[in-house]
Number of protein chains: 2
Amino acid sequence: MDYTEIAPIMARLWSPLAAVTSHWQGQDNVQIAVAIAAASIVPDRPRVVVQLYKTNHSHNMVLSGGAFALNFLKPDQTNLIGDFGLVSGRDQEKLAEFDTRPGESGSPILSNCYGYLDCLVVNAMDGGDMTCFLADVIGGKTLAEGEPLWWRDARHELPQEWLERWENKQSSEVATSRANMDQISYTSWQPPK
Amino acid sequence: MDYTEIAPIMARLWSPLAAVTSHWQGQDNVQIAVAIAAASIVPDRPRVVVQLYKTNHSHNMVLSGGAFALNFLKPDQTNLIGDFGLVSGRDQEKLAEFDTRPGESGSPILSNCYGYLDCLVVNAMDGGDMTCFLADVIGGKTLAEGEPLWWRDARHELPQEWLERWENKQSSEVATSRANMDQISYTSWQPPK
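Because the structure is predicted, anything quoted here is derived from the model rather than measured. (Residues numbered from 1 in each chain as written. Chains lettered and ligands numbered in written order. Predicted model: local features only at pLDDT ≥ 70, side-chain atom pairs only at ≥ 80, totals over all residues. Heavy atoms only, no water.)

J.: If you had to explain empty space enclosed by the protein to someone new, which residues and values would you point to?
T.: Scanning all chains against the criterion turns up 1 cavity of 30 Å³ or more. Each pocket or cavity is described by its volume, and for the largest cavity that value is around 80 Å³. Around the largest cavity, the lining comprises 14 residues; the ones closest to its centre are Leu13(A), Trp14(A), Ser15(A), Ile36(A) and Trp14(B). Of all the secondary structure elements, the ones that give two or more residues to the lining of the largest cavity are strand 3 (36-38) of chain A together with strand 3 (36-38) of chain B. (1 Å grid on protein atoms, 1.4 Å probe; cavity = no way out; pocket = protein on both sides within 12 Å on 5 of 7 lines; lining within 4 Å. Points joined across faces, edges and corners; volume = space filled by probe spheres on them. Helix = DSSP H or I, 4+ residues; strand = E, 2+ residues; numbered from the N terminus.)

Structural data, given as structure tokens:
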């Protein structure tokens, strides 16, 4: 299969850009994610499914703490892709200079964003290279009008140097994913008894 | 939490409309789904995450057979929402009058659609009212230009009678989900050892 033949479909299966925040053992962290889907048809019991890659520091904080917040970005917040997406929380406190308050889940909520969902994990599925988290949305609010920020728009606005750093980071992560995703494969799928 | 406060966010976390086809023990089936997300950063190893509700006949076929295809709809195919989404495969052979061929996974591929992804299940997560399937995309092709069909556009084009049937069906499913989703909840979440 040639990926270009399915690229128009796959491009429409990513979510708006979210800063995924977490809090665990006294530390706050944040990363960028675009693999988020709605996961409930009951309006007063909203749920989401969020994929986090195992190499991200946030992954282990969410897995251990069972909580996170999704802070969707506004179109004028492409700078946060660099601040949150191009450095690791292992190396620095990425949220130190941002105005946040703790949500009910304990996760930091960004005061300035398109809107947020405060979430508690209810289940998790191993994807080999990533974990897919199912979570209850226990709080949230839309803070801006119009559209949130989508990667397909953001990429055209990033400085060339950031795009190159993003692509270098992505290449390294693709290599890691390729090595690890086969830990879970259809050759081992068995329907539940 | 007032759902209207997060509605603009949640509305952007649903996918384009897909006819999810499956084949199991000699029977073909199809249902409509909008809870689909991309689930791989490796272009030549595409994956998706798809949620199917347990009350749907397709759910059991996919869980047992470990295979499905996603046939995304074109904007002029709102009629398929009625044909595939308002009746159950338990009652009739919904695909009998449509031109299909079996994909590599065994799942029927619709000849006329926006594009399709042929998928094999690699893992599954219990969501209480639904199962969240992680699947390898083993084949696929985009067959049309422009945008696929999104629910937010489709709902304005459906005949009033279909909308009422859709809403009645949805009300019944919401009641079932409300009763079952607490089987999985954050009060029971434990991080893996």
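Now that the structure has been shown, we can carry on.
J.: Hey, could you go over the interface of chain B and chain A for me, with residue numbers and the actual values?
T.: A common way to state how big an interface is: give the accessible area lost once the parts meet. The partner chain A presents 74 residues to the 74 residues of chain B that form the contact. Carbon and sulfur atoms make up 67% of the surface buried where chain B meets chain A, a total of about 6,500 Å² over both sides. If you sort the residues of chain B by the area they bury against chain A, Arg12(B), Ile41(B) and Trp189(B) come out on top, with a joint share of 12%. Seen at the junction of chain B and chain A, the total is 6 salt bridges. Between the two partners, chain B and chain A, sit 22 residue pairs in polar contact (both at pLDDT 80 or more). (Contact = heavy atoms within 4.5 Å. Buried area = accessible area lost by both parts, 1.4 Å probe. Salt bridge = Lys/Arg side-chain N within 4 Å of Asp/Glu carboxyl O. Polar contact = N/O pair within 3.5 Å; in protein donor to acceptor, adjacent residues only side chain to side chain.)

J.: Just give me the short version of helix 1 (residues 3-11) of chain B, but keep the residues and values in it.
T.: Among all positions in helix 1 of chain B, only Ile6(B), Ile9(B) and Met10(B) are buried. For helix 1 of chain B, the angular spread of the buried residues around the axis is 95 degrees, confining them to a single face. In this structure, the buried residues of helix 1 of chain B make contact with strand 3, strand 4 (47-53), strand 5 (67-72), strand 8 (115-126) and strand 9 (130-142) of chain A. (Buried < 20%, exposed > 50% of the residue type's maximum accessible area, 1.4 Å probe, protein only. Arc of directions from axis to C-beta.)

J.: Explain the pairing of strand 9 (residues 130-142) of chain B to me, and be specific about the residues and the numbers.
T.: Residues and elements named next belong to chain B. Within strand 9, 12 of the 13 residues are buried, which leaves it mostly tucked inside the rest of the structure. Strand direction decides the pairing type here: strand 4 (residues 47-53) and strand 9, joined by 7 bridges, are antiparallel. Within strand 9, the residue paired with Arg 47 across the bridge is Asp 136. Relative to strand 9, strand 8 (residues 115-126) runs antiparallel, the two being bridged by 11 bridges. When the sheet's bridge partners are listed, Tyr 116 is paired in strand 9 with Lys 141. Joining the antiparallel neighbours strand 8 and strand 9 is a turn of 3 residues, in which Gly 128 adopts a positive phi near 90 degrees. (Pairing = 2+ DSSP bridges.)

J.: So what about the pattern of salt bridges? Which residues, and what values?
T.: According to the stated counting rule, one finds 16 salt bridges over all chains in the structure shown. Across the pair Asp182(A) and Arg45(B) runs a salt bridge whose closest N-O atoms are separated by 3.0 Å. Here the residue Asp182(A) occupies a position in the segment after helix 5 (160-180), and Arg45(B) occupies one in the loop between strand 3 and strand 4, the pair thus bridging two chains. When salt bridges that share partners are traced, they join Arg45(A), Arg47(A), Asp136(A) and Asp182(B) into one network.

J.: Explain the sheet that holds strand 4 of chain B to me, and be specific about the residues and the numbers.
T.: Sheet architecture is open: 7 strands sit in the order 2-1-5-8-9-4-3 (chain B), paired in antiparallel fashion. Looking at strand neighbours, the two that pair on one side only are strand 2 (27-33) and strand 3 of chain B, the edges of this open sheet. The average undirected angle you get between the axes of adjacent strands in this sheet is 30 degrees. Sitting on the sheet, helix 1 (residues 3-11) of chain A is in contact with strand 3, strand 4, strand 5 (67-72), strand 8 and strand 9 of chain B, with an inclination near 140 degrees to strand 9 of chain B. Lying over the sheet, helix 2 (residues 57-65) of chain B contacts strand 1 (18-24), strand 2, strand 4, strand 5, strand 8 and strand 9 of chain B, oriented at roughly 115 degrees with respect to strand 2 of chain B. (Axes fitted to C-alpha atoms, helices over the stretch in contact; angles between N-to-C directions.)

J.: Any details on the side chain of Lys94(B)? Residues and values, ideally.
T.: Residue and element names in this part refer to chain B. Along the chain, the position of Lys 94 falls in the loop between helix 3 (79-85) and strand 6 (100-102). Side-chain polar atoms of Lys 94 contact the backbone oxygen of Val 30, separated by 2.6 Å. Reaching out from Lys 94, the side chain makes a polar contact with the backbone oxygen of Phe 84 at a distance of 2.8 Å. Excluding residues that lie within four positions of it along the chain, Lys 94 makes contacts with Asn 29, Val 30, Gln 31, Asp 83, Phe 84, Val 87, Ser 88 and Gly 89.

Function cannot be read off these values alone, since they describe shape.
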